[in-house]
Amino acid sequence: MSNEVLNYDKIAEASLAKAQRDGAETMWDRRAAQKTQCGFGEAGVCCRICTMGPCRVSPVPGKGAERGICGANADTIVARNTARMVAAGASAHSDHARDIVHALHHSKAEGPYKVRDEAKLRRIAKEWDVVDADTKETYALAHEMAELALEEFGKPFGTQRFLKRAPKARQEIWAREDIAPRAIDMEVVTLMHSTHMGCAADYESLFRRAMRTGMADGWGGSMIGTEFSDILYGTPTARASSSNLGVIDAEMVNIMVHGHDPNLSEMVVLAAQNPEMVELAKSKGAKGINIVGMCCTGNEMTMRHGIKIAGNFYQQEMAIITGAMEAVVVDVQCIFPALPELAKTYHTRFVSTSPKAKIAGDIFIEFSEATGLDNAAEIVKLAVENFPNRDASKVEIPDIKQDTMVGYSVETIIEHLDAVVNSQLEDELGTVKPLTDVIYAGVIRGAAGVVGCNNPKQQHDYAHITVMEELIKRDVICVVTGCAAQAAAKAGLLTLEAKDKCGRGLKEVCERVNIPPVLHMGSCVDISRILHIVNLCADQRGVDPALLPVVGIAPEWMSEKAVAIANYVVGSGINTYLGVIPPVLGGPNFTKLMTEDCQEFIGAHFVFEKDPIVMVDKIMEDMEAKRVALGI
Ligand code: SF4
Ligand code: SF4
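Residues numbered from 1 in each chain as written. Chains lettered and ligands numbered in written order. Predicted model: local features only at pLDDT ≥ 70, side-chain atom pairs only at ≥ 80, totals over all residues. Heavy atoms only, no water.

K.L.:
Mind showing me how you'd approach the overall build of the chain here?
P.N.:
Within the chain, the regular secondary structure consists of 24 helices and 16 strands. A principal-axis box enclosing the C-alpha atoms of the chain has dimensions of 70 × 65 × 50 Å. Burial status across the chain gives 61% buried among its 632 residues. Residue pairs at least 24 apart in sequence account for 75% of intrachain contacts in the chain once pairs closer than 6 positions are excluded. Side chains of the chain give 65 positive and 83 negative charges; the mean places of these two sets differ by 3 Å. (Helix = DSSP H or I, 4+ residues; strand = E, 2+ residues; numbered from the N terminus. Buried < 20%, exposed > 50% of the residue type's maximum accessible area, 1.4 Å probe, protein only. Contact = heavy atoms within 4.5 Å. Lys, Arg positive; Asp, Glu negative; His and termini not counted. Charge placed at Lys NZ, Arg CZ, Asp CG, Glu CD.)

K.L.:
Sorry if this is basic, but what is going on with the site of ligand 1 here?
P.N.:
Lining the immediate surroundings of ligand 1 are Cys47, Ile49, Cys50, Met52, Gly53, Cys55, Gly68, Ile69, Cys70, Arg80 and Met197. Residues that form the shell around ligand 1 fall into these classes: 8 nonpolar, 2 polar and 1 charged. (Near = heavy atom within 4 Å. Nonpolar A, V, L, I, M, F, W, Y, C, P; charged D, E, K, R; others polar.)

K.L.:
Would you mind showing me how to read the pattern of salt bridges here?
P.N.:
Any two side chains of opposite charge can pair, so long as their charged atoms come close to each other. Per the stated rule, a full pass over the model turns up 51 salt bridges. With a closest N to O distance of 2.9 Å, Glu187 and Arg182 form a salt bridge. By relative accessible area, which is 1% here, Glu187 ends up buried. For Arg182, a relative accessible area of 24% puts it in the partly exposed group. (Salt bridge = Lys/Arg side-chain N within 4 Å of Asp/Glu carboxyl O.)

K.L.:
Mind showing me how you'd approach the packing of helix H4 (residues 74-106) against helix H6 (residues 138-154) here?
P.N.:
Between two packed helices, the angle of one axis relative to the other and the distance separating the axes together describe the packing. Taken N-terminus to C-terminus, the directions of H4 and H6 make an angle of 155°; their axes are 8 Å apart at the nearest point. Considered as vectors, H4 and H6 are oriented roughly antiparallel to each other. Between H4 and H6 lies a crossing of left-handed hand. Contacts between H4 and H6 pair Ser94, Ala97, Arg98, Val101, His102, Leu104 and His105 from the former with Ala142, His143, Ala146, Glu147, Ala149, Leu150 and Phe153 from the latter. (Axes fitted to C-alpha atoms, helices over the stretch in contact; angles between N-to-C directions. Parallel < 35°, antiparallel > 145°, perpendicular 65-115°, else oblique. Left-handed = near helix turned anticlockwise from the far one by under 90°.)

K.L.:
Whenever I open this one, the nonpolar core confuses me. Can you help?
P.N.:
A general trend in soluble globular proteins is that nonpolar side chains are found buried together. Core analysis: the biggest nonpolar cluster contains 170 residues, and Met145, Phe228, Ile289, Leu471 and Ile553 have the highest contact counts within it. In terms of residue count, the dominant contributor to this core is H4 (14 residues). Other than its neighbours up to four places away in sequence, Ile289 contacts Met252, Val253, Ile255, Ala272, Met277, Val278, Ala281, Val380 and Val384. Of all hydrophobic cores here, the second largest spans 35 residues; its members include Val247, Ile248, Cys295 and Ile359. (Core = buried A, V, L, I, M, F, W, Y, C linked by side-chain atoms within 4.5 Å.)

K.L.:
What's the story with the sheet that holds strand S15 (residues 575-578) in this structure? I'm lost.
P.N.:
Strands pair in a sheet through their backbones, by hydrogen bonds, and they do so in one of two ways: parallel or antiparallel. Ordered by their spatial adjacency, 6 strands build an open sheet running S13-S12-S11-S14-S15-S16, and the pairing between neighbours is parallel. The open sheet has two free edges, formed respectively by strand S13 (518-522) and strand S16 (606-608), since each of these has just one partner strand. Taken pair by pair, the neighbouring strands of this sheet meet at an average axis angle of 25°, ignoring direction. When strand S14 (residues 550-554) meets S15, the two strands line up parallel, connected through 4 bridges. Bridge pairing in S15 links Ile553 to Tyr577. In this fold helix H23 (residues 588-602) packs onto S15 and S16, with an angle of close to 135° to the strand it touches most, S16. (Pairing = 2+ DSSP bridges.)

K.L.:
Sorry, what's going on with the side chain of Gln486 here?
P.N.:
You can see Gln486 is positioned in helix H19 (residues 482-490). Ignoring anything within four residues of it in the chain, the contact list for Gln486 reads Met294, Cys295, Gly298, Asn299, Ile309, Gly311 and Asn312.

See below:
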């Protein structure tokens, strides 16, 4: 099969040709079957939130139907649709976080869920003004913190606790503009209320309410998810891993963990390390058990354990098409419903585990935090026992893998920065000052957070890699998460050697600090780590984050979660560049509000740009203008 959007990927062509030989259907076949996608949906001007509809209005002002049956115009419809995307995205991240906090509530010294970063637990407890945070018994404190975190989802009064991490100037903007998020679930619910038929019909008000809901994700759900995952499973530290489909091992039992929630995958890794399970695998003729990761579960596991990354979003089918995958174990989010059917073409077992994401077609083994390790053991055993069913004639693993460095949490980055603190000047250790110093000195021109998915509307990974390569060439340091991070891993950008692809300034910094120019900061919820470090930098310099030469970029985004993310990044004062145009162009006033007018009250805006090279040019102009305004 030849498809121009795949030209960039060395593996894809062979993989899809194999799928065709094996009679397996892929997303490319389904994409082709869709033919031309609907222009009304693309422009965001179709509405089906009540049964007087569905209505569709003209995306061209002055032509055709200008209002739905209720009288909603294009801007209202576009704003409501966008708001609902934000609500769904924020729900996904936040519900994920809730499960992590529940696991902390189950934690005990002798159980599989235990406190692995006690210092972080105490640090956050202090940040949240818990009394005796330094001295309380570990698990008493862990359970108290879990309850406090659960209250963040539904407390009747007040705003999110983590907002205090932002500099005063930013907190004042949030208060002034009424976008400081209250309880997480409340924001989602009231936004769904606002977008009900016959409620909000003011696109600007809808935009602000959507932004506040996005903020409840970034500064609430996602930040809780990240910080509490670190407490439970350890704060990531720099470590080596390997990526791309070549990490699937022909001689081992291969188990792919796919989805987002480390509560499950941590247990799968533990269960697979059990010597009895390894012995069982050997008795079946395998050399051992090989766990590989996909999407954000993969990111969580590689950040904390160096688990190898099989691929990113668009490769989830290709991993099965290798014919060497004994089981695909999924939790929630970004899992193609097509996988169980595809798995049947091979011997692969598809195991869904979450009652929130039951996927029909093969086996459902319900996972719960109370019985986590037992559930995981059952799943691993199923995979091991499936090894003899592998059809050797169908096995074809692409011989491509790439060494990679992962694990750059905020704590780890600061530790690396400490190495260049000048003790003669009595500079403090444990701060981001060395980073802001090199940015202010102009040695590096700025920083970019490159995040997000893959999308068949884009040449896969091309936009990710092009944007990153062009930015580091121009002395802009990149931090990455999600499937963008996995694209960087496959392209070799997460290595110390990638410094040779940088401009002189960034290369020098990478050498001195001993880091790659593109830093893997984790999964999609871990974009909260990026928020945190940007705000530490702003605080250290005593400025609002909107003044720093920093941007957010989602070159190939596709999910509603990405829309929630983009909203909280802009809400946090960071210009956000989108490589896939969101379905808003049918609402001209709403589009103008997103791309221009919100600058006035939030200090940041969205930029839509499909061409990654043009995007980088715009980013450089943006950063240089900020530098001039700062006088640096
Ligand atoms: S809410 Fe209005 S625009 Fe939407 S489907 Fe109902 S009548 Fe049509
Ligand atoms: S980056 Fe996008 S596709 Fe990848 S795991 Fe996150 S939301 Fe899913």
